[in-house]
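Coordinates in review
Below, each chain spelled out in residue letters.
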Amino acid sequence: LLDRVISSLPEKEKMVIQLTFFEGKSSVEAYDDIRGENDNVDTKNKQDYIAHLRARAIEHMKQIKSKIYGE
């Protein structure tokens, strides 16, 4: 079920789930993997970006699960 739901997510959301939940990377590490290390963004903004992206991914996962199981 989880693989099916995750595979339905947009690419960046898949990446943030993979990096933060399955690989255990910090928000800053995940940001650097997604957006690039050369991006001139401070730590707080990197953390905020990943938190927002992760929250959006989780909401999308709930919606996808509901569509699959009609809940």
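The coordinates are above.
Here we summarise the structure given alongside this text. The model shown is predicted, which means the values in this text are computed figures rather than measured ones.

Details of the nonpolar core
Core analysis: the largest hydrophobic core is formed by 14 residues, its most contacted members being Leu9, Val16, Ile17, Ile34, Ile50 and Met61. Looking at this core, the elements with two or more residues in it are helix 1 (2–7), helix 2 (11–22), helix 3 (27–35) and helix 4 (43–69). When residues of this core are assigned to their parent elements, the largest contribution, five residues, is made by helix 4. Setting aside chain neighbours within four positions, we find Leu9 in contact with Lys14, Ile17, Ala57, His60, Met61 and Ile64.

So, the side chain of Glu13
Position of Glu13 relative to the elements: it lies in helix 2. Judged by its relative accessible area of 2%, Glu13 is buried. Leave out the neighbours within four places in its chain, and Glu13 touches Leu53, Arg56, Ala57 and His60.

Here we look at the pattern of salt bridges
By the definition in use, this model includes seven salt bridges. Ionic pairing is found between Lys25 and Glu23, a salt bridge with its closest N-O pair at 4.0 Å. Look at Lys25 and you get partly exposed, because its relative accessible area is 28%. Here Glu23 falls in the partly exposed class, since its relative accessible area comes to 44%. One salt bridge connects Lys46 with Asp32, and the closest N-O pair in it is separated by 2.9 Å.

Quick notes on the packing of helix 2 against helix 4
Put simply, helix 2 and helix 4 touch, their axes get as near as 9 Å, and they point 105° apart. Looking at the two axes, helix 2 sits roughly perpendicular to helix 4. Two secondary-structure elements touch here, helix 2 through Lys12, Glu13, Val16, Ile17, Thr20 and Phe21 and helix 4 through Tyr49, Ile50, Leu53, Arg54, Arg56, Ala57, Ile58, His60 and Met61. Of the residues that constitute the contact of helix 2 with helix 4, the class distribution is nine nonpolar, two polar and four charged.

Details of the packing of aromatic side chains
For the structure on display, the rule yields one aromatic pair. Geometrically, the ring pair formed by Tyr31 and Tyr49 is edge-to-face, given 5.4 Å between the ring centres and 85° between the ring planes. Here Tyr49 lies in helix 4 and Tyr31 lies in helix 3, a separation of 18 residues in the sequence. Above the ring of Tyr49, the side-chain terminus of Arg35 is found at 5.2 Å from the ring centroid.

What counts and what doesn't
Residues numbered from 1 in each chain as written. Predicted model: local features only at pLDDT ≥ 70, side-chain atom pairs only at ≥ 80, totals over all residues. Heavy atoms only, no water. Core = buried A, V, L, I, M, F, W, Y, C linked by side-chain atoms within 4.5 Å. Buried < 20%, exposed > 50% of the residue type's maximum accessible area, 1.4 Å probe, protein only. Helix = DSSP H or I, 4+ residues; strand = E, 2+ residues; numbered from the N terminus. Contact = heavy atoms within 4.5 Å. Salt bridge = Lys/Arg side-chain N within 4 Å of Asp/Glu carboxyl O. Axes fitted to C-alpha atoms, helices over the stretch in contact; angles between N-to-C directions. Parallel < 35°, antiparallel > 145°, perpendicular 65-115°, else oblique. Nonpolar A, V, L, I, M, F, W, Y, C, P; charged D, E, K, R; others polar. Phe/Tyr/Trp six-rings, centres within 6.5 Å; stacked < 30°, edge-to-face > 60°. Lys NZ or Arg CZ within 6 Å of the ring centre and 35° of its normal.

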